[in-house]
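Architecture and fold: a report
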Amino acid sequence: MAQVAYDRKEQLQQIESGLMPGEQIIAVYDAIGAGTGFLGLTDKRVIVQDKSFVGKKIAITSIPYGKVSAVSVVSNKSLAGSFFSSGAIAIHVGTHTYEVEFRGDSKAHHVHNVILHFISS
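**Regarding the pairing of strand E2 (residues 25–30)**
Of all six residues in E2, five are buried, a share of seventy percent or more. The pairing of strand E1 (residues 5–6) with E2 spans two bridges and is parallel. What sits directly across from Tyr6, in E2, is Val28. Sheet topology places E2 next to strand E3 (residues 36–42); five bridges connect them, and they run antiparallel. Bridging from a neighbouring strand, Val28 pairs with Gly40 of E3.

Okay, structure coming up:
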């Protein structure tokens, strides 16, 4: 099994507990900003934990790669240089856009490249 990139063990375990037979995790990254807890990538789908529901409810949303119409990298380069920069991605599914912000540009670029690989193959 390939090495899985992840930020927090409990998030990885949460994704592991909901895998379909034969599904492989690629990465699980902690998200920053309002609403989103983490983003997981498998070889079959994108999994977004959304904490923005009313009443402290949390949703785990699975997005099959076949439903993703576009993916964007949103860069927020600060004047202080890349050390303080964060990276965000936007995943477009139908009329809805899921925006997820990460600590550092490299995670956003990795997520973007993985999604792009699956939606363009």
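**Re the packing of aromatic side chains**
As enumerated under the stated definition, the model contains two aromatic pairs in all. Ring centres 4.5 Å apart and planes at 15° place the aromatic pair Tyr65 and Phe118 in the stacked group. One end of the pair, Tyr65, is in the loop between strand E5 (59–64) and strand E6 (68–76); the other, Phe118, is in helix H2 (residues 105–120), with 53 residues separating them in the sequence. For Tyr65, a relative accessible area of 6% translates into the label buried. Among the residues examined, Phe118 registers a relative accessible area of 24% and is labelled partly exposed.

Rules behind the numbers
- Residues numbered from 1 in each chain as written.
- Predicted model: local features only at pLDDT ≥ 70, side-chain atom pairs only at ≥ 80, totals over all residues.
- Heavy atoms only, no water.
- Buried < 20%, exposed > 50% of the residue type's maximum accessible area, 1.4 Å probe, protein only.
- Helix = DSSP H or I, 4+ residues; strand = E, 2+ residues; numbered from the N terminus.
- Pairing = 2+ DSSP bridges.
- Phe/Tyr/Trp six-rings, centres within 6.5 Å; stacked < 30°, edge-to-face > 60°.

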